[in-house]
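Structural description and commentary
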Amino acid sequence: MKLKKFGSTEQRVYGLAAPIVTELGYLVWDIRFEKEGASWYLRIFIDSETKTISINDCEKVTGPISDMLDEEDPIAQSYILEISSAGLERDLIRESHFDACLDSVVRARLIRPMEGLKEVVGTLTAWDKEKVTIRTESEEMEIPFAALAFVKLYFEFE
């Protein structure tokens, strides 16, 4: 797994969208400009420090963001806009995600078993550009990013 950085399109959209999202009372968790099949998707993931994001929250953000994108026209090609919640078990793929989730419970899937484990669930205690440190009930593990398939926030559903 590699830490991702915003591409130029994502950075441009972030600069335009973040003030609108913030004014509406939310946070921009991530922006992704991705091609799937023949279509391009601009995905803006929102979050809140005070509440769970609902479909109504996504609708509240969609109108102003869509209007701004129509007016500013920062993307030359056609695309599909999606506004959604970052989700309970959100992917941690950027430096800001790891910073925001320190001391949170995460699930890390390994590419190959390490110490007999293919998956580790525990508290993210530290990270740097080379590795993550996860404290489980029995030990603290340092896992190189190169050994990871993904890291996500962990939520235990009942």
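Keep in mind that this is a model prediction, so the values were computed, not measured.

Each value, and the rule that gives it
Residues numbered from 1 in each chain as written. Predicted model: local features only at pLDDT ≥ 70, side-chain atom pairs only at ≥ 80, totals over all residues. Heavy atoms only, no water. Helix = DSSP H or I, 4+ residues; strand = E, 2+ residues; numbered from the N terminus. Expected span 1.5 Å × (residues − 1). Bend = angle between axes of the 7 residues up to and from the residue. Buried < 20%, exposed > 50% of the residue type's maximum accessible area, 1.4 Å probe, protein only. Contact = heavy atoms within 4.5 Å. Core = buried A, V, L, I, M, F, W, Y, C linked by side-chain atoms within 4.5 Å. Lys, Arg positive; Asp, Glu negative; His and termini not counted. Salt bridge = Lys/Arg side-chain N within 4 Å of Asp/Glu carboxyl O.

In this section: helix 1 (residues 8–23). A rise of 1.5 Å per residue sets the reference length of helix 1, with its 16 residues, at 22 Å; its end C-alpha atoms lie 23 Å apart and thus fit the reference within 8%. Of all the bends found along helix 1, the most pronounced is centred on A17 and spans about 35°, while P19, a proline, follows it within four residues. For helix 1, every residue scored as buried is listed here: T9, E10, V13, A17, A18 and V21. Check the buried side of helix 1 and you find it contacts strand 1 (27–36), strand 2 (39–47) and helix 2 (55–72).

Counting 21 residues, the largest nonpolar core has F98, V132, I143, L148 and V151 as the members making the most contacts within it. Mapped onto this core, the elements with two or more residues apiece are strand 4 (105–114), strand 5 (117–127), strand 6 (131–135), strand 7 (140–144) and strand 8 (148–153). The residues contacting V132, other than those within four sequence positions of it, are F98, L124, A126, W127, M141, E142, I143, F145 and L148.

A few words on the side chain of E10. By secondary structure assignment, the location of E10 is in helix 1. Salt bridges are absent for the buried E10, whose nearest opposite-charge side chain, R94, sits at 4.2 Å. Once residues within four sequence positions are removed from consideration, E10 is found in contact with K5, I31, R32, F33 and R94.

One non-glycine residue with positive phi stands out, namely D103, at about 70°. Mapping D103 onto the fold places it in the loop between helix 3 (95–100) and strand 4. For D103, a relative accessible area of 62% translates into the label exposed. Backbone geometry places E115, a non-glycine residue, at a positive phi of 55°. Along the chain, E115 turns up in the loop between strand 4 and strand 5.

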